[in-house]
Amino acid sequence: MSTPLSQTQMLLELEPVVEENLNRHLRMAKEWFPHEYVPWSEGRDFDGPLGGEAWTVEDSSMSDVARSALIVNLLTEDNLPSYHHEIATLFGREAAWGDWVHRWTAEEGRHGIAIRDYLLTTRAVDPAELERLRMQHMSTGYSNGHPDDMLASLAYVSFQELATRVSHRNTGKVTDDPVADQLLARVAADENLHMVFYRNLLGAALEIAPDQTMRSITDVVKTFQMPGADIAGFQRKAVEMAIAGVYDIRQHRDDVVAPVLRYWKVFELENLGPEGEQARTELADFLEELDKQALRFEEKRDKLQARMAARAER
Ligand SMILES: [Fe+2]
Ligand SMILES: [Fe+2]
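First, a word on scope: everything that follows refers to the structure included in this document. For clarity, every value in this text was computed on a predicted model and none was experimentally measured.

### So, the coordination of the iron ion (ligand 1)
Octahedral metals with six donors have ideal donor angles of 90 or 180 degrees. Tetrahedral metals with four donors have an ideal donor angle of 109.5 degrees.
Here is step 1 of the chain: Surrounding the iron ion (ligand 1) are the protein donor atoms Glu77 (OE), Glu77 (OE), Glu108 (OE), His111 (ND1) and Glu191 (OE), at 1.9 to 2.3 Å.
Here is step 2 of the chain: Metal-to-metal, the separation of the iron ion (ligand 1) and the iron ion (ligand 2) is 3.8 Å; glutamate 108 coordinates the two. With glutamate 108 in helix α4 (residues 95-122) and glutamate 191 in helix α7 (residues 178-208), this residue pair connects regions lying 83 residues apart in the sequence.
Here is step 3 of the chain: A relative accessible area of 5% places glutamate 108 in the buried class.

This is the structure we're talking about:
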């Protein structure tokens, strides 16, 4: 492999691409207002200083899995300052990079505001539990598994933004509430634009430093974890969400990882050296393994659903 580019060299090389894609983003992004998506007329005071009514589970007919998914999605948005820190540290706050980091942060902040306002107004989840989880989650902070590797961070966010898009979209569906569905579809549209930004950037990196970038992509795909993975009780919630088809391993492989890799044409690149080839082979093997895992998961879920259906008939 030719001498790898340093982080600073890479940042400088990518700067014009950031600027171009920031402008693209600003052209494409539509202004929208969280307050327009929240059914305020359904709201009422809670207990505490205002002497309203305490939350009870009967306040909302939302299913358990919808509650879990909404909480996971919101807590992920809430943890924004920690992501901001991570991205600002890695990408810097100079010129177009800085403009992007701030703009991105403001947009993600809007997501948290909108979802929280909706949840509290409709009494869909326990507000005290939600606040405790938020405190706990934010106190843990966030750090991606590749603290010094800008390319790996770009690869991670390319997949992660698409993953959150899929998760928001499917959460909207399982809420069975057209108001929530509309709000989460709006949020998901933002996540898609974020994905496009990072994906285009990493696409440019693949041209500038193919072997180095290929290695980062492989490492990220092999170790990918959803952003909420350290939320208290996440595992149980993640299983619930997978069974309900909000976010499962099949969707992860086929609807998140595969389309981004396809966009980068990783399996068609002809400019890889031995290190890049090695990374690409590992990636292909891993995708096959992921496919097997997805099949096993689907079989288990089918059986579980058949059992549940049989029980419901009894
Ligand atoms: Fe978001
Ligand atoms: Fe996003």
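Next comes the rest of the description.
### Section: the coordination of the iron ion (ligand 2)
Here is step 1 of the chain: Looking at the iron ion (ligand 2), the protein donor atoms are Glu108 (OE), Glu161 (OE), Glu191 (OE) and His194 (ND1), and they sit 1.8 to 2.2 Å from it.
Here is step 2 of the chain: For the iron ion (ligand 2), the 4 donor atoms in the first shell make angles of 92 to 137° at the metal, a pattern classed as irregular.
Here is step 3 of the chain: Mapping the donors of the iron ion (ligand 2) onto the primary sequence yields the spacing E-x52-E-x29-E-x2-H.
Here is step 4 of the chain: A residue is classified by how much of its surface remains accessible, and glutamate 161, at 0% relative accessible area, is buried.

### Structural notes on the packing of helix α2 (residues 64-78) against α4
Here is step 1 of the chain: Closest axis-to-axis distance for the α2/α4 pair is 8 Å, and the angle between their directions is 145°. In this structure, α2 crosses over α4, and the sense of that crossing is left-handed. Between α2 and α4, the residues in contact are Leu70, Leu74, Glu77 and Asp78 and Glu108, His111, Gly112, Ile115, Arg116 and Leu119, respectively.
Here is step 2 of the chain: Looking at the contact of α2 with α4, its residues break down into 4 nonpolar, 2 polar and 4 charged.

### Describing the environment of arginine 250
Here is step 1 of the chain: You can see arginine 250 is positioned in helix α10 (residues 249-264).
Here is step 2 of the chain: Residue classification places arginine 250 among the buried residues on the basis of a relative accessible area of 15%.
Here is step 3 of the chain: For arginine 250 and alanine 95, which are 155 residues apart along the polypeptide, the C-alpha to C-alpha distance reads 39 Å.

### What about unusual backbone geometry?
Here is step 1 of the chain: You will see that arginine 123, though not glycine, has its phi angle at about 55°, which is positive.
Here is step 2 of the chain: Structurally, arginine 123 can be placed in the loop between α4 and α5 (127-140).
Here is step 3 of the chain: When its relative accessible area of 3% is taken as the criterion, arginine 123 is described as buried.
Here is step 4 of the chain: For lysine 265, which is not glycine, the phi dihedral falls at a positive 55°.
Here is step 5 of the chain: With respect to the helices and strands, the residue lysine 265 is situated in the loop between α10 and α11 (274-313).

Cut-off values and rules
- Residues numbered from 1 in each chain as written.
- Chains lettered and ligands numbered in written order.
- Predicted model: local features only at pLDDT ≥ 70, side-chain atom pairs only at ≥ 80, totals over all residues.
- Heavy atoms only, no water.
- Donors = N, O, S within 2.8 Å, 3.2 Å for Na, K, Ca; no water.
- Helix = DSSP H or I, 4+ residues; strand = E, 2+ residues; numbered from the N terminus.
- Buried < 20%, exposed > 50% of the residue type's maximum accessible area, 1.4 Å probe, protein only.
- Tetrahedral: all angles 85-135°; square planar, octahedral: opposite > 155°, others 65-115°.
- Axes fitted to C-alpha atoms, helices over the stretch in contact; angles between N-to-C directions.
- Left-handed = near helix turned anticlockwise from the far one by under 90°.
- Contact = heavy atoms within 4.5 Å.
- Nonpolar A, V, L, I, M, F, W, Y, C, P; charged D, E, K, R; others polar.

Worth remembering: the numbers are spatial, not functional.
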